[in-house]
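Coordinate analysis (summary)
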Amino acid sequence: MSLTHFFKERRLMARKGGPPAGGGAGERPVRADARRNRARILDAAEAVFAEQGASASTEAVAAHAGVAIGTVFRHFPTKPELLQAVVMHLLDRLITEVDAMVGNQDAVTALFEFCARVMAISARNRAVFARLAETGVRVRVGDALARLRPGIDVLLERAQKAGTVRDDLRPTELIALLAAICQEALTDEWSASFRQRALTLLFDGLRPAAKR
């Protein structure tokens, strides 16, 4: 599957997950408002859960989003559904960011920026992932990265051609290494300095060996 096809399919899935389309011209503003409210709720939920933990109330999310509590429940009838939607929202954002990186032909160091971004998102949303695990839904960093594989392939190939990453590194190896340190950072609640140290060591291993 081509990179363009992958992103088109992902966006189509996102649209299908939104409010159903109607046939009348008068319904369009309602649908647009519903989409905006949904996006506002998800942004608010991410911010509230990151600050207060996943045990934060739905009322706090509604207040942060500036909508009525009933609006939140119309989109997300249960707390687990809201938490799962936050995770999908994060993945959608990552896909958009990778798409932008792929589109920037001059960003030969974008692969390193992407790795740092995945680590930051994982750490910021640890409480959400932990709460989902309590409901039986486990978020695995490796699974998310696998869905981003087409973009990762392009970023890795570009970095290798530019000489910023070793030639023998395979995409599966990169995904496995990045997923492992991010998952461990989630599990053990690594400090910001430790996360940065881990990324530095990872990046040192990705770069070509110095010529003697």
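Residues numbered from 1 in each chain as written. Predicted model: local features only at pLDDT ≥ 70, side-chain atom pairs only at ≥ 80, totals over all residues. Heavy atoms only, no water.

Along the backbone of the chain there are 11 helices and 0 strands. Starting at the N terminus, the α and β elements of the chain follow one another as α-α-α-α-α-α-α-α-α-α-α. Counted over contacts in the chain with a minimum sequence separation of 6, partners at least 24 positions apart contribute 72%. Just so you have it, the chain exposes about 11,800 Å², and 53% of that area is on carbon and sulfur atoms. (Helix = DSSP H or I, 4+ residues; strand = E, 2+ residues; numbered from the N terminus. Contact = heavy atoms within 4.5 Å. Areas by Shrake-Rupley, 256 points an atom, 1.4 Å probe, with all protein chains shown as cover.)

On to the packing of aromatic side chains, then. Inspection of the entire model under this criterion finds 2 aromatic pairs. Over the face of the ring belonging to Phe 112 we find Arg 207, whose NZ or CZ atom lies 4.8 Å from the ring centre. (Phe/Tyr/Trp six-rings, centres within 6.5 Å; stacked < 30°, edge-to-face > 60°. Lys NZ or Arg CZ within 6 Å of the ring centre and 35° of its normal.)

Our next topic: the nonpolar core. Membership of the largest hydrophobic core comes to 62 residues, with the highest contact counts inside it found for Phe 49, Leu 82, Phe 114, Leu 145, Leu 148 and Leu 178. With 12 residues, helix H5 (residues 79-103) is the single largest residue contributor to this core. (Core = buried A, V, L, I, M, F, W, Y, C linked by side-chain atoms within 4.5 Å. Buried < 20%, exposed > 50% of the residue type's maximum accessible area, 1.4 Å probe, protein only.)

Now for the side chain of His 89. Tracing the backbone shows His 89 in helix H5. Residue contacts for His 89: discarding those within four places in its chain leaves Ala 39, Leu 42, Asp 43 and Glu 46.

A separate point is the environment of His 75. Position of His 75 relative to the elements: it lies in helix H4 (residues 69-75). When the C-alpha positions of His 75 and Ala 85 are compared, they lie 9.9 Å apart, and in sequence the two are 10 residues distant. Sequence-distant contacts of His 75, that is, excluding residues within four places in its chain, are made with Ala 34, Asn 37, Arg 38 and Ile 41.

Quick look at unusual backbone geometry now. In this structure, Glu 189 is a non-glycine residue whose phi angle is positive, near 55°. When you line up the elements, Glu 189 lands in the loop between helix H10 (171-188) and helix H11 (192-206).

Compared with the 26 Å implied by 1.5 Å per residue over 18 residues, the 26 Å span of H10 between its first and last C-alpha is a close match. Those residues of H10 lying buried are Pro 171, Leu 174, Ile 175, Leu 178, Ala 179, Ile 181, Cys 182, Ala 185 and Leu 186. For H10, the elements touching its buried residues are helix H6 (110-124), helix H7 (126-134), helix H8 (141-147), helix H9 (149-162) and H11. (Expected span 1.5 Å × (residues − 1).)

A few words on the confidence of the model for the chain. Per-residue confidence for the chain averages 83 on the pLDDT scale, and 84% of its residues sit at or above 70. Per-element confidence in the chain is highest for H11, whose mean pLDDT is 95, and lowest for helix H1 (residues 3-16), whose mean pLDDT is 44. The low-confidence segment residues 13-30 (pLDDT under 50) makes 10 contacts with residues lying over four places distant or belonging to another chain. (pLDDT = per-residue confidence, 0-100.)

Let's shift gears to the side chain of Arg 158. Residue position: Arg 158 is located in helix H9. Within the buried set, Arg 158 has no salt-bridge partner at all; the shortest N-O distance to an opposite charge, 8.1 Å, is to Glu 157. A distance of 3.1 Å separates the side chain of Arg 158 from the backbone oxygen of Met 101, its partner in a polar contact. Among the polar contacts listed, one links the side chain of Arg 158 to the backbone oxygen of Val 102, at a separation of 2.8 Å. Leave out the neighbours within four places in its chain, and Arg 158 touches Met 101, Val 102, Asn 104, Gln 105, Ala 107 and Val 108. (Lys, Arg positive; Asp, Glu negative; His and termini not counted. Salt bridge = Lys/Arg side-chain N within 4 Å of Asp/Glu carboxyl O. Polar contact = N/O pair within 3.5 Å; in protein donor to acceptor, adjacent residues only side chain to side chain.)

What follows is about the packing of H6 against H9. In the contact formed by H6 and H9, the axes pass within 8 Å of each other and the chain directions differ by 135°. If you check the angle between H6 and H9, you find them oblique. For the pair H6 and H9, the contacting residues are Ala 110, Leu 111 and Phe 114 in the first and Ile 152, Leu 155, Leu 156 and Ala 159 in the second. Tallied by class, residues from the contact of H6 with H9 come to 7 nonpolar, no polar and no charged. (Axes fitted to C-alpha atoms, helices over the stretch in contact; angles between N-to-C directions. Parallel < 35°, antiparallel > 145°, perpendicular 65-115°, else oblique. Nonpolar A, V, L, I, M, F, W, Y, C, P; charged D, E, K, R; others polar.)

Turning to its location among the elements, Ala 85 is positioned in helix H5. On the accessibility criterion, Ala 85 (9% relative accessible area) is buried. In the structure, Ala 85 is positioned 43 residues away from Leu 42 in sequence and 7.3 Å away in space, judged by C-alpha atoms. Setting aside anything within four residues of it in sequence, one finds Ala 85 in contact with Arg 38, Leu 42 and Phe 76.

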